[in-house]
Amino acid sequence: MPLDHAREKPVEILTAEEAADEHARLGAAVAEHDIRYYQQDAPTISDADYDALRRRLVAIEARFPDLISTASASVGAAPLAKFAKVPHAVPMLSLDNAFADEDVVDFVDRARRFLKIDGGEAIPFTAEPKIDGLSLSLRYEGGRLVTAATRGDGFEGENVTVNALTIRDVPKALPKGVPEIVEIRGECYMAHADFEALNARMAAAGGGKSFANPRNAAAGSLRQLDPKITASRPLRFFAYAWGEMSAMPAETQMGMVEAFADWGLPTNPRMTLCTTVEEALAFYHALETDRAGLGYDIDGVVYKVNSLALQNRLGFVSRSPRWAIAHKFAAEQAVTVLNGIDIQVGRTGALTPVAKLQPVTVGGVVVSNATLHNEDYIRGIGGDGLPIRDGVDIRVGDTVVVQRAGDVIPQIVSVMLDRRPADAEPYRFPTLCPVCGSHAVREEGEAVRRCTGGLICSAQAVERIRHFVSRNAFDIEGLGEKQVQAFYEWGLIKEPADIFTLEARDANQLQRLRNRDGFGETSARNLFAAINDRRSIALNRFIFALGIRHVGETNAKRLARHFGTVEAFRDTAQAARPPGPELLKGNDAWVELIDIEGIGGVVAEALVDFFDEPHNRDAFARLLEQVTPQPLEAASTDSPVAGKTVVFTGTLVRMTRDEAKAMAERLGAKVAGSVSKKTDLVVAGPGAGSKLKAAAEHNIEVIDEDGWFTLVGAD
Ligand code: IVH
């Protein structure tokens, strides 16, 4: 659409019909440019022109709110591939927490000391509920909503403007006479009733999806790439703070919030002005009592010094203001019954028990799952930071006390033994992986039991294959994280050996790789070539690629150097038996393993566990039919950095520090951690500091990361 701002009729004088027409046209244009920008990375208009389109669309919606609906053109825009980032004109900070009443007394005393105001003079402050949602910043220019952004990291958030436009509580325009720039900050949240209705709707729609609590529901709904979905979610908003303001409508916190209310923004009716700590604490305890009946989740009270002049004087410590504090509520508890224990297998093979509870409301949120952490926790043995139940185990059928505290996943804090059913049996933690059936083992000193079916367990497969093809392992170009995931989902690569049979199988596939999403004739050919190129691979890389616990690059090199051939490595690891009651020192193979310089019992045990698992032995054998590991990779002697001492410093972008080190060593260089006169070359990324200075002092050549790739001919 040509952009001719001069011919545009001011939005203020558009008729409803013209507005509807233009709204549809603009919506389609914005949607089209969104696709070009986000999905195709090929914008055809400048950012300024795009912003102008968007602003006009928003302005039209502000004047004709009826045009905003699920079917509206702006929310009908194609889902975004990702959110654009928006820098916050004023950072969005967080609050310090107070837990006990005394912490609030300390907070006021601290403010008093800082301001040198003695006890005789009151420092009035506001008290208001701390809403449990996600913060949202709304920027109005000339009274029109132009940007809505999430908090992000506090300095840069995500642009959720199109989504915010669908929230009824968010005014699209402010009344005449407001300052030119107004940034309202507040909390986007979901009320209990709306949350329950949404979950019921999702359950009825099938697919097994639902939200664990209203905050997740609010965040999940606001951060939707498809605004149509946001529009269908009942989000709400409370205004309680501000960012950039071209003029201030008041001189107090209370006055500011009252101004926001006058401008049509929802503000919290419970907000109160206090003059003493006693009043503040009375507010807190009253709110705690009323909490369940508010209709939305809160997790505490926020106190803010009322005078903006004093707020300015108090300023900030790191990322939170000295003039405000969040007084959190104690964790909520409820009593329920443990119906069962599920075992989930994580990406690293860790078996995590999850309590299946009789659903119960804890602080207004329905809880039906709780974490059980690990085997010991079920047995009543607490670990780092976990509640200890003094040896009382948890059994299916038990009546338990469940606790939920803020962000923390609900946990079981105690068991009501007097209500334990007579036939309740101690829980037997599985010793086989529920996903793949491989053995699940616990290492000494570890609370976690892990599946040993690393190569074949589908719960771990994608991560394992990603590791297998990663840069320091098989380093297969064209087989990155995304591709591994896709191949796994298409059922084409389930274990490492499958990578090498891909080409042969592809010839017989109905849907050839070259016709799949993300591939074409050339990329498929290149991928097969890259795979074939790795049929011969250095033994150390081969061993590292297996992803055996505790066998990183260094240990893989030690093992490769010691055994020389893959067969010797496999046969010894497979034959090794650790010390046991009748085998005092372990068998010969075990002793051979632990005698290798740098290899101890922990690594040896991990090797034994790996090869003890028949699934792994089979997958290993299948892999060996495809690839031929070569004895330890010899360092190159004819590279431009052979024999040189290199130091890497600063942030590297194209490779990790480990990769850089491995690459340099492969090229025959020595990698040092600090710069000395023996250093030949410093490779410096952004943020390099003292090492750069040292390099200058010793007159040592410094290049950047790109320079390194050019030097070693890897570009
Ligand atoms: S004031 C500079 N007031 O709590 C401080 N925050 O821990 C600006 N929150 O990110 C925040 N209710 O998302 C403020 N009444 C309230 C709040 C509130 C909830 C959230 C907000 C913020 C977090 C800070």
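Up top is the structure.
1. Some thoughts on the packing of aromatic side chains
Phase 1: Enumeration over the complete set of coordinates arrives at 21 aromatic pairs.
Phase 2: Between tyrosine 189 and phenylalanine 238 the ring centres are 4.9 Å apart and the planes differ by 10°, which places this aromatic pair in the stacked class. Taken as a pair, tyrosine 189 in strand β7 (residues 181–189) and phenylalanine 238 in strand β8 (residues 236–245) lie far apart in primary sequence, 49 residues in all.
Phase 3: Ring geometry for phenylalanine 542 versus phenylalanine 620: centroids 5.8 Å apart, planes at 80°, classification edge-to-face. Here phenylalanine 620 lies in helix α21 (residues 614–624) and phenylalanine 542 lies in helix α16 (residues 539–545), a separation of 78 residues in the sequence. Both residues of the pair, phenylalanine 542 and phenylalanine 620, count as buried.
Phase 4: The ring of tyrosine 488 carries the charged tip of lysine 494 above its face, separated from the ring centre by 4.2 Å.
Phase 5: Taking the ring centre of phenylalanine 709 as reference, the NZ or CZ of arginine 654 above it sits at 3.9 Å.

2. What about the sheet that holds strand β24 (residues 670–672)?
Phase 1: Taken in spatial order, the 4 strands of this open sheet run β24-β23-β25-β26, and their pairing is parallel. Here the strands that pair on one side only, and so sit at the sheet edges, are β24 and β26 (701–703). Neighbour to neighbour, the strand axes of the sheet diverge by 30° on average, direction disregarded.
Phase 2: Looking at chain direction, strand β23 (residues 645–649) and strand β25 (residues 681–684) are connected through 4 bridges and run parallel. By the bridge assignment for β25, valine 647 is matched with valine 682.
Phase 3: Each of β23 and β24 is contacted by helix α22 (residues 657–666), which is oriented at about 165° to β23, the strand it contacts most.

3. Side note on helix α19 (residues 588–595)
Phase 1: Ala589, Trp590 and Leu593 are the residues of α19 that are buried. All buried residues of α19 lie within an arc of 100° about the axis, which places them on one face of the element. Turned more than 90 degrees from where α19 packs its buried face, Asp588 and Asp595 sit exposed.
Phase 2: Where α19 is buried, its residues touch α17 (553–563), α18 (566–575) and α20 (601–612).

4. Brief notes about helix α5 (residues 192–205)
Phase 1: Here α5 is 14 residues long and its end C-alpha atoms lie 20 Å apart, about the 20 Å a rise of 1.5 Å per residue gives.
Phase 2: For α5, the full list of buried residues reads His192, Asp194, Phe195, Leu198, Asn199 and Met202. All buried residues of α5 lie within an arc of 165° about the axis, which places them on one face of the element. Seen from the open side of α5, the exposed residues pointing more than 90 degrees away from its buried face are Ala193 and Ala204.
Phase 3: The secondary structure elements touched by the buried residues of α5 are α6 (214–222) and β8.

Parameters at a glance
- Residues numbered from 1 in each chain as written.
- Predicted model: local features only at pLDDT ≥ 70, side-chain atom pairs only at ≥ 80, totals over all residues.
- Heavy atoms only, no water.
- Phe/Tyr/Trp six-rings, centres within 6.5 Å; stacked < 30°, edge-to-face > 60°.
- Helix = DSSP H or I, 4+ residues; strand = E, 2+ residues; numbered from the N terminus.
- Buried < 20%, exposed > 50% of the residue type's maximum accessible area, 1.4 Å probe, protein only.
- Lys NZ or Arg CZ within 6 Å of the ring centre and 35° of its normal.
- Pairing = 2+ DSSP bridges.
- Axes fitted to C-alpha atoms, helices over the stretch in contact; angles between N-to-C directions.
- Contact = heavy atoms within 4.5 Å.
- Arc of directions from axis to C-beta.
- Expected span 1.5 Å × (residues − 1).

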